[in-house]
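Summary of structural features
One-letter residues, chain by chain:
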Amino acid sequence: MAKLLLQDVKVTINGTNLSNAIKSVELSLSSDAKDVTAFGDGWINRISGLKDGSVKIDFFQDFGASAVEATVFPLFGTLASVVVLPTSGTPSVTNPSYTFLALVNAHMPVAGAVGDVATLSVTWPTSGTVTKATA
């Protein structure tokens, strides 16, 4: 069984590669579990309902041109195209890319205490389908 050490994750937002300004990323997918248990069933039966997702990104804040703030702030309140790959390599079976639209509904440009590293932590819901590509 192959093991993967996350140290070269690639994340692009609206085509801008922000990987070198990201401390962590988490793409979570879920599906509603709908109860379809009928009288006489001895166990609960379920089917999959609507699918949902979210992406959590912890950025190192950067106010430079083409950096985190310049990329994220203009997207606030809109949908952004996000692509996440386990490594910066070409998409493949062992390095799938996940592409989706995220609703940029949260932004905290400044947060921290004296002496803290300037960070920006957001969780954005996906909107529509999350696609997985292996080529």
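Just above sits the structure.
What this report covers is the structure whose coordinates are included nearby.

Cut-offs applied
- Residues numbered from 1 in each chain as written.
- Predicted model: local features only at pLDDT ≥ 70, side-chain atom pairs only at ≥ 80, totals over all residues.
- Heavy atoms only, no water.
- Core = buried A, V, L, I, M, F, W, Y, C linked by side-chain atoms within 4.5 Å.
- Buried < 20%, exposed > 50% of the residue type's maximum accessible area, 1.4 Å probe, protein only.
- Helix = DSSP H or I, 4+ residues; strand = E, 2+ residues; numbered from the N terminus.
- Contact = heavy atoms within 4.5 Å.
- Pairing = 2+ DSSP bridges.
- Salt bridge = Lys/Arg side-chain N within 4 Å of Asp/Glu carboxyl O.
- Lys, Arg positive; Asp, Glu negative; His and termini not counted.

1. Some remarks on the nonpolar core
Formed by 20 residues in total, the largest nonpolar core has its most connected members in Val-11, Ile-13, Ile-57, Phe-59, Val-82 and Trp-124. Listing elements by their share of this core, those giving two or more residues are strand 1 (10–13), strand 4 (46–60), helix 1 (68–72), strand 5 (79–85), strand 6 (97–103) and strand 7 (119–133). Excluding residues that lie within four positions of it along the chain, Val-82 makes contacts with Val-11, Thr-12, Ile-13, Tyr-98, Thr-99, Phe-100 and Ala-102.

2. A few points about the sheet that holds strand 6
For sheets, the rule is that strands pair by backbone hydrogen bonds, running either parallel or antiparallel. What the seven strands build is an open sheet, ordered 2-1-5-6-7-4-3; its pairing is antiparallel. In this open sheet, the two strands that pair with only one neighbour each are strand 2 (16–17) and strand 3 (22–35). Relative to strand 5, strand 1 runs antiparallel, the two being bridged by four bridges. In the strand pairing of strand 5, Thr-12 is matched with Val-83.

3. Some details on the pattern of salt bridges
Counting across every chain of the model gives one salt bridge. A salt bridge links Lys-56 to Asp-58; its shortest N-O distance comes to 3.0 Å.

4. A look at the side chain of Thr-126
For Thr-126, the position within the fold is in strand 7. If sequence neighbours within four positions are ignored, Thr-126 has contacts with Asp-52, Gly-53, Ser-54, Phe-100, Leu-101 and Ala-102.

5. Considerations on the pairing of strand 5
Taking burial as the measure, the seven residues of strand 5 include five buried ones, the bulk of the element. Where strand 5 and strand 6 come together, six bridges link them in antiparallel fashion. The residue bridging Val-82 from the neighbouring strand is Phe-100, located in strand 6.

6. Digging into the side chain of Glu-69
Summarising the element assignment, Glu-69 is placed in helix 1. Buried charge Glu-69 goes without a salt bridge, the closest partner of opposite sign being Lys-56 at 16 Å. Non-local contacts of Glu-69, meaning those with residues more than four positions away in its chain, are made with Gln-61, Asp-62, Phe-63, Pro-74, His-107 and Pro-109.

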